[in-house]
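Here are the chains, one letter per residue:
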Amino acid sequence: MSKNKLGENTICTHTGELEDKTFKGAVSPIYMSTSYEFMDVEIGRYPRYFNTPNQEYLAKKIAALEHAEAAMIFTSGMAVISTTLLAFLNSGDHLVLQNDIYGGTRNLIEAHFDRYNIEYSFTNGLHVDDFEACIKPNTKLIYLESPSNPLLKLVDIEAVAKLAKSKNMISIIDNTFATPIIQKPIDLGIDIVLHSATKYFGGHSDISAGAVATTQEHIDTIWTLAKNLGGNLSDFTVWMLERSMKTLSIRVKAQQKNAKKMAKILNKNEAISKVYYPGLKSHPDYKLAKKQMKGFGAMLSFDLAEGLDAELFLKSLKLIKPSMSLAGVESTMILPALTSHALLSPEDRAVQGIKDGLIRFSVGLEEVDDLINDIKQALKVIIS
Ligand SMILES: *Cc1c(COP(=O)(O)O)cnc(C)c1O
């Protein structure tokens, strides 16, 4: 059976396994060496060259899942985002970014890119015309994120990829929220796919990692800077990540099934004024979601009805954890106004449609009935 004909669960389970030739163990051995033979060898291996056995082989799994030629693994999502952007941008270049991208990415750009004389523009909206309106003669990259955080708005990925191609620009997507199980941006024409592997790839809230998947040529460009910046992940954690990724497809599918049920139930609750989930027919991007995603993901957000105390609501939850991160097997909720979007001014938050009572819900693997009961009891506390 040809390797690229393997089904997704099989890729998750087996692609990029390291064979244990010595003891014939069932799982990949961990190679912790930081020192490798350099005479008479094909490649000189070293952790910061991103080519130790565990790094090299897990990258094959990620590339296979994203339908990419090659991939690299980093120590965090921000390590891969910063390294990739800086690998392609030179002083005097311009970059177009979607308005509502991950707060850390926005902060990286706003805090540092002026110093490097790299120009940037944030779009006014998420339509392809909004991206096109930002393009300048020196634009080199277009950067997007779909679904967006925390309102789960979608960008027409194929249209933006086409726009970038027509102008000889490189398109980059942060595919953390969707994962390759739900969305394969390279099939839609995107050049480079980035991940915070701290989220669904890791999936158990115990690994910090990042990944990029793209052509071998782009990987070579990224590698040239990456080996100098040094954002490589420890081989032990690479091995942990491999272990996690064996269940990526099964986890993401089960979590998104839960999220769809939750979205429908919350949508009927009177204490909740609005639910943001691309799988609801009322969501403005429902049709686009059907076109470019396989399912609708496991993230949703909702506004509590006017006057209800969102902080007290979070404090009253007993099962769902009020926690910063997302995408673990356990359900979590946060208030974007206090966390991911705290660095924005209240005006900027309002422009993005992020209300103070907006709650982002990362739906986990628990039973839907238990999640509903927890939400109901917390609502009772804040309504009484
Ligand atoms: C968390 C996150 C990041 C940053 O990843 P880290 O692993 O925390 O560095 C980037 N993009 C998105 C969409 C994220 O959710």
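Residues numbered from 1 in each chain as written. Predicted model: local features only at pLDDT ≥ 70, side-chain atom pairs only at ≥ 80, totals over all residues. Heavy atoms only, no water.

Undergrad: Quick one: what's the story with the sheet that holds strand β8 (residues 272-276), residue by residue and with numbers?
TA: Strand order in the open sheet formed by five strands is β8-β9-β12-β11-β10, and the pairing between neighbours is mixed. Two strands close off the open sheet at either side, each with one partner strand: β8 and β10 (321-322). Strand contacts of helix α10 (residues 248-267): β8, β9 (299-304) and β12 (358-362), with the helix running at about 15° to β9, the strand carrying the most contacts. (Pairing = 2+ DSSP bridges. Helix = DSSP H or I, 4+ residues; strand = E, 2+ residues; numbered from the N terminus. Contact = heavy atoms within 4.5 Å. Axes fitted to C-alpha atoms, helices over the stretch in contact; angles between N-to-C directions.)

Undergrad: Would you mind going over the UniProt feature "modified residue: N6-(pyridoxal phosphate)lysine" (unreviewed entry) in the protein chain in detail, with residue names and values included?
TA: As recorded in UniProt, the sites labelled "modified residue: N6-(pyridoxal phosphate)lysine" (unreviewed entry) are Lys199. Under the relative-accessibility criterion, Lys199 is labelled buried at 10%. (UniProt positions renumbered as here; feature names shortened; annotations may be inferred. Buried < 20%, exposed > 50% of the residue type's maximum accessible area, 1.4 Å probe, protein only.)

Undergrad: Give a detailed account of the sheet that holds strand β3 (residues 119-122), specifying residues and quantitative values.
TA: Paired through their backbone hydrogen bonds, the strands of a sheet run either parallel or antiparallel. Pairing in this open sheet of seven strands is mixed, and the strands run β1-β7-β6-β5-β4-β2-β3 from one edge to the other. Edge strands, defined here as strands with exactly one partner in the open sheet, are β1 (70-74) and β3. Strand-to-strand twist of the sheet, defined as the mean angle between neighbouring strand axes without regard to direction, takes the value 20°. Judged from the five bridges that link them, β1 and strand β7 (residues 210-214) form a sheet pairing that is antiparallel. Within the sheet, the bridge partner assigned to Ala71 lies in β7 and is Ala213. Sheet strands touched by helix α6 (residues 157-166): β4 (139-145) and β5 (170-174). Its angle to β4, the strand with the most contacts, is close to 175°. The sheet strands contacting helix α8 (residues 216-229) are β1, β5, β6 (192-196) and β7, and the helix crosses β1 at an angle near 25°.

Undergrad: Give a description of the pairing of β1 that names residues and reports values.
TA: Counting buried positions over the five residues of β1 gives five, a clear majority of the element. Every second residue of β1 is oriented toward a common face, with Ala70, Met72 and Phe74 on one face and Ala71 and Ile73 on the other, all of them buried.

Undergrad: Summarise the site of the ligand; cite the residues concerned and give the values.
TA: Contacts to the ligand come from 13 residues, most closely from Gly77, Met78, Asp174, Thr198 and Lys199. Taking Gly77, its main chain carries an N or O atom lying 2.9 Å from an oxygen atom of the ligand. In the model, an oxygen atom of the ligand is placed 2.7 Å from a nitrogen or oxygen of the Lys199 side chain. In isolation the ligand offers 390 Å² of accessible surface; the protein chains occlude 91% of this area. Top contributing element to the shell around the ligand by residue count: helix α3 (residues 77-88), with three residues. Considered class by class, the residues forming the shell around the ligand number five nonpolar, five polar and three charged. (Near = heavy atom within 4 Å. Polar contact = N/O pair within 3.5 Å; in protein donor to acceptor, adjacent residues only side chain to side chain. Areas by Shrake-Rupley, 256 points an atom, 1.4 Å probe, with all protein chains shown as cover. Nonpolar A, V, L, I, M, F, W, Y, C, P; charged D, E, K, R; others polar.)

Undergrad: So, the packing of helix α2 (residues 53-65) against helix α9 (residues 235-245): which residues are in play, and what are the values?
TA: Where α2 meets α9, the closest approach of the two axes is 9 Å, and the angle between their N-to-C directions is 30°. The handedness of the crossing between α2 and α9 comes out as left-handed. Mapping the contact onto sequence places Asn54, Gln55, Leu58, Lys61, Ile62 and Leu65 in α2 and Asp235, Val238, Trp239, Leu241, Glu242 and Met245 in α9. Its residues assigned to classes, the contact of α2 with α9 shows seven nonpolar, two polar and three charged. (Left-handed = near helix turned anticlockwise from the far one by under 90°.)

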